[in-house]
Amino acid sequence: MKFTPINLLPKLIITIDGPAGAGKTTVSKKLAEVLDYQYIDTGALYRAVALAAQKKGSASLASLASNDDQALAKLCRNLQLEFKSSLKGLVLFCDGIDITDKIRTPEISMLASTISARPAVRKALFGLQRKMGKKKQAVFEGRDMGTVIFPDADLKFFLEASSGVRALRRFKELGDTCSQTLKEVEEDILQRDNQDSTRGAAPLKPAKDAIKIDSTDLSADQVVEKMLFFIKKAIINEN
Ligand code: DC
């Protein structure tokens, strides 16, 4: 699909929040590509912490279970996380090792959701995310981008879709690598929705000034076109 170009695009921070499987990743990547902006997947950072906790084994997982925020803070402090762009897209390195594929398992999805409820983890990742936004010209995807990390973002979107559609999308996306049935994928999504939106620290919710888009019956291109409409409108209003 050919998108309508935007002339004289100012340096913006655009945030896209929403529940798992709402299409944030596909849409954020496309939007960043059209705008020639950087794409940042903040969920990958929480997944990286989850992978580190899993790798460290029982001690880290026990500190999670026992609310040991000091141990979690230490775990995060010792992680070197860095995104790099490559031919296969955005790649996440943890301590110099490419962990992009390792963080996409159902176990890591659930552990990332659990770990992300911990204030120590959110605090540790706050500065890193803010730093990544310094140069602007970026599309940030996550849960609290518009509410906590970039409350002054130029444009905030909140992407939603029915849980059935979200599960089906995730199921198709995982394809042959999916170790779960469609029903299990949907159950996991609902559990994560519940965990992510009821936690005390930076719960998943739309920012007051977020533009809500329901993608249940829309293709990714249609969602991007809608976002471009709002971006153009915001630029015109600014001038
Ligand atoms: O977007 P994702 O499915 O890769 O995110 C994995 C988990 O990380 C998600 O269940 C909640 C958490 N997360 C978060 O708390 N805040 C973010 N900005 C991004 C993700």
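Bear in mind that the values here come from a model prediction, so they are computed numbers and not experimental data.

Chemist: Teacher, can you tell me more about the pairing of strand β6 (residues 138–142) here?
Modeler: Side-chain positions along a regular strand alternate between the two faces of the sheet. Across the five residues of β6, five count as buried, placing the element largely inside the fold. With burial as the criterion, each face of β6 is covered, one bearing Ala 138, Phe 140 and Gly 142 and the other bearing Val 139 and Glu 141. Looking at chain direction, strand β1 (residues 13–17) and β6 are connected through five bridges and run parallel. By the bridge assignment for β6, Asp 17 is matched with Gly 142. Pairing geometry for strand β2 (residues 38–41) and β6, over four bridges, is parallel.

Chemist: What am I meant to see in the pairing of strand β3 (residues 81–86) here?
Modeler: Pairing geometry for β3 and strand β4 (residues 89–94), over six bridges, is antiparallel. Opposite Phe 83, over in β4, you have Leu 92 as the bridge partner. Count of turn residues in the β3/β4 antiparallel hairpin: two residues.

Chemist: Which parts of the structure should I look at to understand helix α2 (residues 43–56)?
Modeler: Every α-helical turn comprises 3.6 residues, leaving residues that sit three or four positions apart pointing alike. Its 14 residues place the ends of α2 20 Å apart at the C-alpha level, agreeing with the 20 Å of an ideal helix rising 1.5 Å per residue. For α2, a buried count of 10 out of 14 residues is recorded, marking the element as mostly surrounded by other parts of the structure. Every buried residue belonging to α2 is among Ala 44, Leu 45, Tyr 46, Arg 47, Ala 48, Val 49, Ala 50, Leu 51, Ala 52 and Ala 53, and all of these are buried. Positive phi shows up at Gly 57, right after α2, with a value of about 80°.

Chemist: What's the story with the side chain of Arg 199 in this structure? I'm lost.
Modeler: Checked against the element boundaries, Arg 199 lands in the loop between α9 (182–198) and β8 (211–214). Take Arg 199: its relative accessible area is 7%, and that puts it in the buried class. Polar contacts involving the side chain of Arg 199 include one to the main-chain carbonyl oxygen of Ala 201, which spans 2.9 Å. Apart from residues no more than four positions distant in its own chain, Arg 199 is found in contact with Ser 116, Ala 117, Arg 122, Arg 143 and Leu 204.

Chemist: Just to check I follow, could you spell out the sheet that holds β3 for this structure?
Modeler: Within a sheet, each strand pairs with its neighbour through backbone hydrogen bonds, oriented either parallel or antiparallel. One open sheet accounts for three strands, arranged β3-β4-β5; its pairing is antiparallel. Two strands close off the open sheet at either side, each with one partner strand: β3 and β5 (97–98). Of the strand pairs in this sheet, β4 and β5 are connected by two bridges, and their pairing is antiparallel. In the strand pairing of β5, Phe 93 is matched with Asp 98. In the packing of α2 onto the sheet, contacts are made with β3 and β4, and the angle to β3 comes to roughly 125°.

What counts and how
- Residues numbered from 1 in each chain as written.
- Predicted model: local features only at pLDDT ≥ 70, side-chain atom pairs only at ≥ 80, totals over all residues.
- Heavy atoms only, no water.
- Buried < 20%, exposed > 50% of the residue type's maximum accessible area, 1.4 Å probe, protein only.
- Helix = DSSP H or I, 4+ residues; strand = E, 2+ residues; numbered from the N terminus.
- Pairing = 2+ DSSP bridges.
- Expected span 1.5 Å × (residues − 1).
- Polar contact = N/O pair within 3.5 Å; in protein donor to acceptor, adjacent residues only side chain to side chain.
- Contact = heavy atoms within 4.5 Å.
- Axes fitted to C-alpha atoms, helices over the stretch in contact; angles between N-to-C directions.

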